[in-house]
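Here are the chains, one letter per residue:
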Amino acid sequence: MTAATRTNWAGNVTYRASELVSPTSVDEVRRIVAGTPRLTALGSTHSFNRIADTDAVQVSLAGLPPQLEIDTDRRVVRVAAGMVHSQVAAGLEARGWALANLASLPHISTAGAVATGTHGSGIRNPSLAQAVVGLEVVRASGDVAWVDATTPDGALDAHRVALGALGVVTAVELAVEPTFQVATTVHLDLPWDAVVTHFDEVMADAYSVSVFTSFDDRGARQVWVKRRVDEAAPAVDLVALGARPATGPVHPGENDPAGVTEQGGVPGPWSERLPHFRSSFTPSTGAEIQAEYLLPASSAVDALQALRPLRSLFAPLLIAAEVRTVAPDTAWLAPSSGRQSVGIHFTFRRDADAVAAAVLRIEEALAPFDARPHWGKVSAASAERLHEVYPRLDAFAAVARDLDPTGKFRNEFLARVLS
Ligand SMILES: Cc1cc2nc3c(=O)[nH]c(=O)nc-3n(C[C@H](O)[C@H](O)[C@H](O)COP(=O)(O)OP(=O)(O)OC[C@H]3O[C@@H](n4cnc5c(N)ncnc54)[C@H](O)[C@@H]3O)c2cc1C
């Protein structure tokens, strides 16, 4: 299949790849990798930049047979790399097991989410990459390697968030725990003063908390509190702080609330509460562009205050901004690597020029806070800046050169970032 008109999910990137191949077995992946001079693995196309693009061949893992093998003694599940979150979550839940956390969107592929450090929210919840116990990867030679905690030189932490640079991942083993129930409640219009004065308390008040804001006088337009029912009830009285309870389901953007997972404090399985969106719905039209920055949690309030003067710039462009917490990761390149983090995420209308201008202003405002751009979203950061905020990037580049000496997996994005 030629790829002339294929785009990413959002439609803001037209892939330059000359070909898309979809092998149906690991042996076929091996033959393709061994016999192709340059290629890039493609997940579910949900990144907003050229990280998954190439001028050569894209390899999708979506055609590999689904696999979901739970080892209850070791508390791990082995899944085929191309399976999307909703497939994995439904399969685990049906057998009484759970992942600790998930991103907002259930349509994202496992390997693609892991490769970019994709995360949900929760002060004790790291990214999905941190749940990786081992992974099967096809190297540039076509050989298959298994990488886990016993592999020397911290290889597992290099491979967790690998940006597609270390090989094509065909299967991932993830830590699981017994299933649990979650109840989501939503409050509206928490005043800005309350957001910044009580930020740490609010974000720590439940298993997974998300604050949505436009940085304007409405403060936090929505506060989503996802409480595990086996944990203590939230202690922060958001009404006393000036918010009001939502009286029906709300969407964080502008779309039909029917597409969001159940709110109203109704308990349900983790798999149907931790993502914001239902797998049966497309969460939005796709006509959007996202940017996100992860910074030390201790700087979050200052960073939010630094962004507030940009509210008039955001007004015509911003669909939603979401503030989340992420626990420290050990992955070298996780945006939350080595530090308790807060992610400040922006969903913009799909106006590439206006977004590029806004991103420049955001990155200026966040410059004092050591903010790390999300690998799968748009950013104006230079390679030099990325090396400053991702201190293990040089070490990662050395591993990539070692494992992929001919640059088989090196696309334009990686050539810039790993330079
Ligand atoms: C609507 C929407 C909601 C989102 N919500 C969140 C969120 O809640 N939290 C968050 O952190 N991010 C979120 N994202 C960003 C998204 O999670 C990342 O961009 C993620 O990388 C997308 O995964 P993908 O499978 O689409 O990968 P792609 O975009 O296709 O690829 C991303 C990277 O993964 C690599 N890759 C993919 N498959 C393999 C493989 N088998 N082997 C090796 N490398 C591979 C690619 O080469 C590339 O480097 C969201 C994106 C969208 C569009």
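It should be emphasised that the depicted structure is a prediction, and the values quoted were computed from it without experimental measurement. (Residues numbered from 1 in each chain as written. Predicted model: local features only at pLDDT ≥ 70, side-chain atom pairs only at ≥ 80, totals over all residues. Heavy atoms only, no water.)

A. View of the side chain of serine 337. When you line up the elements, serine 337 lands in the loop between strand 17 (318-326) and strand 18 (341-349). Side-chain polar atoms of serine 337 contact the backbone oxygen of alanine 331, separated by 2.7 Å. The residues contacting serine 337, other than those within four sequence positions of it, are Asp329, Thr330, Ala331, Trp332 and Arg372. (Helix = DSSP H or I, 4+ residues; strand = E, 2+ residues; numbered from the N terminus. Polar contact = N/O pair within 3.5 Å; in protein donor to acceptor, adjacent residues only side chain to side chain. Contact = heavy atoms within 4.5 Å.)

B. The domain arrangement of the chain, seen in detail. Per the domain assignment, the segments making up the chain are domain 1 (68-179) and domain 2 (182-381). Here the C-alpha centroids of domain 1 and domain 2 sit 24 Å apart. Across the boundary between the two partners, domain 1 contributes 38 residues, which contact 37 residues of domain 2. Where domain 1 abuts domain 2, roughly 3,000 Å² becomes buried across the two surfaces, and 57% of that area is made up of carbon and sulfur atoms. Counting across the domain 1 and domain 2 interface gives one salt bridge. Counting every contact that joins domain 1 to domain 2 gives 22 residue pairs in polar contact (both at pLDDT 80 or more). Of all elements in the fold, only helix 2 (85-94), strand 6 (97-98) and helix 4 (155-160) reach the threshold of two or more residues within the side of domain 1 that touches domain 2. The dominant element in the side of domain 1 that touches domain 2, judged by the number of residues it contributes, is helix 2, at four residues. Looking at the side of domain 1 that touches domain 2 residue by residue, the classes come out as 16 nonpolar, 16 polar and six charged. (Domains from an automatic or database assignment. Buried area = accessible area lost by both parts, 1.4 Å probe. Salt bridge = Lys/Arg side-chain N within 4 Å of Asp/Glu carboxyl O. Nonpolar A, V, L, I, M, F, W, Y, C, P; charged D, E, K, R; others polar.)

C. Structural context of the pairing of strand 3 (residues 57-60). Neither face of strand 3 is open: one carries Val57 and Val59, the other Gln58 and Ser60, and all of them are buried. Both strand 1 (residues 19-21) and strand 3 contribute to a ladder of three bridges, which runs parallel. Paired with valine 21 across the two strands is valine 59, which belongs to strand 3. Bridge count for strand 2 (residues 39-42) against strand 3 is four bridges, and the pairing is parallel. If you follow alanine 41 over to strand 3, its bridge partner there is valine 59. (Buried < 20%, exposed > 50% of the residue type's maximum accessible area, 1.4 Å probe, protein only. Pairing = 2+ DSSP bridges.)

D. Looking closely at the site of the ligand. Taken together, 36 residues sit near the ligand, with Ala41, His46, Ser47, Ser109 and His119 positioned nearest. Contacts to the ligand include leucine 163, whose backbone N or O atom sits 3.1 Å from an oxygen atom. The backbone of valine 169 places a nitrogen or oxygen atom 2.8 Å from a nitrogen atom of the ligand. Computed on the free molecule, the ligand has an accessible area of 960 Å², of which 98% lies beneath the protein chains in the complex. Elements that contribute at least two residues to the shell around the ligand include exactly strand 2, helix 3 (110-116), strand 9 (168-175) and strand 16 (288-296). The element that contributes the greatest number of residues to the shell around the ligand is helix 3, accounting for five residues. Here the residues of the shell around the ligand are counted per class, giving 16 nonpolar, 17 polar and three charged. The residues that make up the shell around the ligand include at least three from each of domain 1 (68-179) and domain 2 (182-381). (Near = heavy atom within 4 Å. Areas by Shrake-Rupley, 256 points an atom, 1.4 Å probe, with all protein chains shown as cover.)

E. Layout of the nonpolar core. By size, the foremost hydrophobic cluster in this structure holds 67 residues, and its most contacted members are Leu99, Leu174, Trp270, Leu333, Trp375 and Leu418. It is helix 11 (residues 393-403) that provides the largest number of residues to this core, a total of four residues. In this structure, this core is formed jointly by two domains, domain 1 (68-179) and domain 2 (182-381), each of which donates at least three residues. Apart from the residues lying within four places of it in its own chain, the contact partners of leucine 333 are Val161, Leu163, Trp375, Tyr390, Arg392, Leu393 and Phe396. Grouped together as the second largest cluster of nonpolar side chains are 47 residues, Val202, Val223, Ala303 and Ala365 included. (Core = buried A, V, L, I, M, F, W, Y, C linked by side-chain atoms within 4.5 Å.)

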